[in-house]
Amino acid sequence: MTAPALPRHRVALVGRLRSFGGATALSWSGPEGLETLTYAGLADRVDARRAALGAAPRLVLLEAANDVETVTTLLAALAGGHPVLLCAPVEPLASGEAHEARWWEAYDPDVVARGAVLEARREGSAHELHPDLALMMSTSGSTGSPKLVRISTENLDCNAAQIVDALGLRADDVAATTLPLQYCYGLSVLLSHLSVGAGVLLTDLSVVDACFWEAFTHAGGSTLAGVPYTFDLLDAVGFASMALPRLRLLTQAGGRMDPASVRRWASLGEERGFDLLVMYGQTEATARMATLPTHLAAEHPTSIGVAVRGGHFSLEPVEGAPAGVGELVYEGGNVMMGYASSPADLARGRDVTSLHTGDLARFTADGLVEIVGRRSRFAKVCGLRIDLDRIEADLVDAGHPVLVMDGGDRLLVAVTGTGTGDVDPAAVRREVSERYAVPRAAVVVTDVGEVPRTASGKLDRPALAALVDAFGTGTCPTSSALSVGEHGDVDDVSERVRALYAELLDRPDASLDDSFVTLRGDSLSYVEASVRLEGLLGTLPESWHVRPVRELGRLGDQPGPGTAAENGASPGPTSRRGRALGEGPSRRHWRSLETSVVLRGVAIAVIVLTHAGVLDVRGGAHVLLAVAGFSFARFQLSGGPRSERVAHVLESVTRIALPSAVWLGVLTLVDERYSWWNPLLLTSVGGGNVHAQWRYWFVEALVHVLVGVTLLLCVPALDRLERLRTFAVPMGLAVLALVVRFGLVDVGSHHVNGRPAMVLWLFVLGWAMARATATWQRWLLTAYVLVVVPGFFSDPLRDATMAAGLLVLLWVRSVRVPAFLVPVVVPVASASLFIYLVQWEVMGRVGYSALGAAVALVTGWIAWRGSSPLVEPAARWVGSRVSPPRTPVS
């Protein structure tokens, strides 16, 4: 089919697609890895889709997703002069209605586009469409309001050029769709990059997903955009220590970021070689109006910077505002045509020349713009601009007596006692989330009963907001009984996660902003934590240990995957509630355990059974050294300060060395085969050749390696290098360790394969495995294993066992096991250190048999549980000497 001639009014950037030829336009993760589409290929697809849409302009409702088909349809419509009504994918509610039903009713689109499917509702158009009209988006992000922003072809071209200029975008840049395309900020990222021939990685993955970073690195990602919530997730996932060689630019918009965070990210960028650009915008300005260049961020973190090229800011006086403060007004070619409230408005031309932003602002002495407040009752939640009055009125009309307030990054809803009948806060929270597409984790609903009032009898909204913020979702017994800060902002699932951490890690101060890592959990507590969380929330993401409790709570509290709850915000984790909390047969009979957990449990059981003479499978202890390195990278090498990292490692060393030293000290007193080198964990330095003295080589080697790594982390330059080259550093150490592995450096002849220097390569190999995010890195480590392992022992079967364990750790992230095995695997894996310590003494008395092995496993578990109240306080005390544990404010 031949595409119709291009209309006079079209978006210019679309017409330039073919000029970029064979350059990569789009990339995405497919079954065979990263797939790509050139600009020429994209232009062909756009032409074909434009022909399918027809020559006569029609109103197109596009259900947007971050995929090739959405981009193709969008560009085809823009090229063909078909105005696009951009919205999130329509997901049916339990009631059978749809999130965007009011849009269908209000605008009656001529074509509905879902993926590659074009559903034509009529041949021509039922509307009169202005030739300049290109795009319509919701004025408030995704509240379902029929009030739309009318954006012209000129607006799109102008703002794309403004962003290219402000960001210095180049043809060799590659961006990722960290934001939904139906959100003006996410759409701006796409169009600005395509306008210069740059690449765009299409993905719905969250930045906390390891697969996102694998794709981003593979695609050569150089620019990354996010709302403040995105940056919180980046902190949680340890972004500061990631190796992103091509990253040159981070942009932040979608709400105010804390000034301290602006300074910190700007400083990190200076250290790591990327720029941070704070930006300001609204849908009514197509996307963005101002930027704060990197070199000004540290000195002016509260400013939004200056207007983009061709734009101009002014202040309009506001009655009662302080001197120098007024409503911020913007003028420029990116200002919308105007609003639309009905189909009749689609025929109107431009009726807006300046944009009254609704934000109160002032100019600094340096000519920068600083936002100081809001003129009207709007809030920004996860990058969405929400009309508080509208939501409040809608809920009251529905019979819910509520008051709605801005909670910064959350929506605060107070249920009052003035309605008819009982109101369930959880039901109100669910309705707000589903009706207005606000992430449920960002909605706090409290039944406050009687509302606080001022001395004059007026409603005291600030006090009410503080009450809701302090108590969280639920029922407040009496307003007067609560004070701000007495309760956290919690929901049931998040609180259960917090309580679980408080119990397992003996941290009653655990807050909703803590993660397993910030609470200084380690590999010994990790096993039980991961399994119990998996039982509570469902299949856990690989990065669960660095996610805040609030974020984990969303896994078990949000509706199913693919809902519109993430509209306008950085894509977060998809819910697995149906699988996590359901009662299906699969859930009852099978559980998913992380591979490192299974390896720990299986390895220690096989070690004991081999020592008991029941099995003859050797090499498990050496696999456990790699597992220890794997856990070290995940838990100790967080993105926190160097002192915090060192403190975390020292705590882990204490958890291993203290019970080992005590146990070996007792053995030395009662058994002449042992020497005082054993409790000092220095047998490899001054011990003899008595076999019994070398039984605990594994503990000694692990402690020596951890202490050595701690000393390396104490060196600022090495600490910075590890954060900058997260994979290269352990890989380099693994190569250096081969000088001992292959005998180039002599470390002694007796029990050589158990000496710390000889097994260092296993620990750093596990470290590198945890840092391997790209497929080529895993293949490199596979080659390393296949070259280094053969010949390590004189027994080929033992070598094969160790190689198999290492490759499973490298390639398999989780294992499905029968549910009845979980109560066996988890305690054994958790108590692996203590089982290793007591096995010989127990079996020496009970017998080297299957019974003796079973008694050793149980005794080790009892010793682990019994010693925790003594070991944990000692470990925390050691760590606190270097860096006091952080206690985030919830």
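Up top you'll find the structure we're talking about.
Just so it is clear, the structure is predicted and the values come from calculations on it, not from any experiment. (Residues numbered from 1 in each chain as written. Predicted model: local features only at pLDDT ≥ 70, side-chain atom pairs only at ≥ 80, totals over all residues. Heavy atoms only, no water.)

**Student:** Hey, could you run me through the overall build of the protein in this one?
**Tutor:** Regarding its fold elements, the protein presents 32 helices and 28 strands. For the protein, restricting intrachain contacts to residue pairs at least 6 apart in sequence, the fraction spanning at least 24 positions comes to 68%. Carbon and sulfur atoms provide 58% of the accessible area of the protein, an area that totals close to 33,900 Å². (Helix = DSSP H or I, 4+ residues; strand = E, 2+ residues; numbered from the N terminus. Contact = heavy atoms within 4.5 Å. Areas by Shrake-Rupley, 256 points an atom, 1.4 Å probe, with all protein chains shown as cover.)

**Student:** I'm lost on the nonpolar core in this one. Help?
**Tutor:** Core analysis: the largest hydrophobic core is formed by 125 residues, its most contacted members being L26, W213, L224, F239 and Y501. Counting residues in each nonpolar core, the second largest holds 83 residues, with L637, I656, L664 and V729 among its members. (Core = buried A, V, L, I, M, F, W, Y, C linked by side-chain atoms within 4.5 Å. Buried < 20%, exposed > 50% of the residue type's maximum accessible area, 1.4 Å probe, protein only.)

**Student:** Quick question: what am I supposed to make of the pattern of salt bridges here?
**Tutor:** In a structure, side chains of opposite charge can pair up when their charged atoms sit close to one another. In total, this model carries 29 salt bridges according to the counting rule given. Residues R723 and D719 are paired through a salt bridge, measuring 2.9 Å at the closest nitrogen-oxygen approach. One end of the pair is R723 and the other is D719, both in helix α24 (residues 716-724) and four residues apart, which spans about a single turn. Each member of the pair, R723 together with D719, is buried. For the salt bridge of E722 with R771, the shortest nitrogen-to-oxygen distance reads 3.5 Å. Taken together, the residues span a long stretch of sequence, with E722 in helix α24 and R771 in helix α27 (residues 756-771) at a distance of 49 residues. (Salt bridge = Lys/Arg side-chain N within 4 Å of Asp/Glu carboxyl O.)

**Student:** Hey, could you run me through the packing of helix α20 (residues 620-636) against helix α29 (residues 796-811) in this one?
**Tutor:** How two helices sit against one another is set out by the angle between their axes and by the gap between those axes. The N-to-C vectors of α20 and α29 enclose an angle of 20 degrees; their axes lie 9 Å apart at closest approach. As judged from the angle between their axes, α20 and α29 are roughly parallel. Once α20 is placed against α29, the crossing between them reads as right-handed. Listed contacts from α29 to H622, V623, A626, V627 and F630 of α20 are R798, T801, M802, G805, L806 and L809. (Axes fitted to C-alpha atoms, helices over the stretch in contact; angles between N-to-C directions. Parallel < 35°, antiparallel > 145°, perpendicular 65-115°, else oblique. Left-handed = near helix turned anticlockwise from the far one by under 90°.)

**Student:** What should I look at first to understand unusual backbone geometry in this one?
**Tutor:** Peptide bonds are mostly trans, and most non-glycine residues show a negative phi. Although it is not a glycine, D108 adopts a positive phi angle of roughly 45 degrees. Phi angles above zero are rare outside glycine, and L681 is one such case at about 55 degrees. Within the secondary structure, L681 is located in the loop between α21 (642-670) and α22 (683-686). Take L681: its relative accessible area is 7%, and that puts it in the buried class.

**Student:** Please clarify how the pairing of strand β2 (residues 33-38) should be interpreted in this entry.
**Tutor:** The side chains of a regular strand alternate, residue by residue, between the two faces of the sheet. Both strand β1 (residues 24-30) and β2 contribute to a ladder of six bridges, which runs antiparallel. Note that in β2 the partner of S29 across the bridge is L34. Adjacent in sequence and paired antiparallel, β1 and β2 are bridged by two residues. (Pairing = 2+ DSSP bridges.)

**Student:** Hey, could you run me through helix α2 (residues 39-53) in this one?
**Tutor:** The α-helix winds at 3.6 residues per turn, so residues separated by three or four positions along the chain end up facing the same way. The end-to-end C-alpha distance of α2, which contains 15 residues, comes to 21 Å, matching closely the 21 Å that a straight helix rising 1.5 Å per residue would cover. For α2, the full list of buried residues reads Y39, G41, L42, A43, V46, R49, R50, A51 and L53. Positive backbone phi, approximately 95 degrees, marks G54, located one or two places after α2. (Expected span 1.5 Å × (residues − 1).)

**Student:** Quick question: what am I supposed to make of α27 here?
**Tutor:** Taking 1.5 Å as the rise per residue, α27 with 16 residues should run 22 Å; its terminal C-alpha atoms sit 22 Å apart, in good agreement. Among the 16 residues of α27, 13 are classified as buried, and the element is accordingly described as predominantly covered.

**Student:** Is there a simple way to think about the sheet that holds strand β3 (residues 60-63) in this case?
**Tutor:** The strands making up a sheet associate through backbone hydrogen bonding, with each pair oriented either parallel or antiparallel. In space, the seven strands of this open sheet follow the order β6-β5-β3-β4-β7-β8-β18, with mixed pairing throughout. Of all strands in the sheet, those bounded by a partner on one side alone are β6 (117-120) and β18 (338-340). For this sheet, the mean inter-axis angle between neighbouring strands, taken without regard to orientation, is 25 degrees. Bridging between strand β4 (residues 84-87) and strand β7 (residues 133-138) involves two bridges; their strand directions are parallel. What sits directly across from V84, in β7, is L135.

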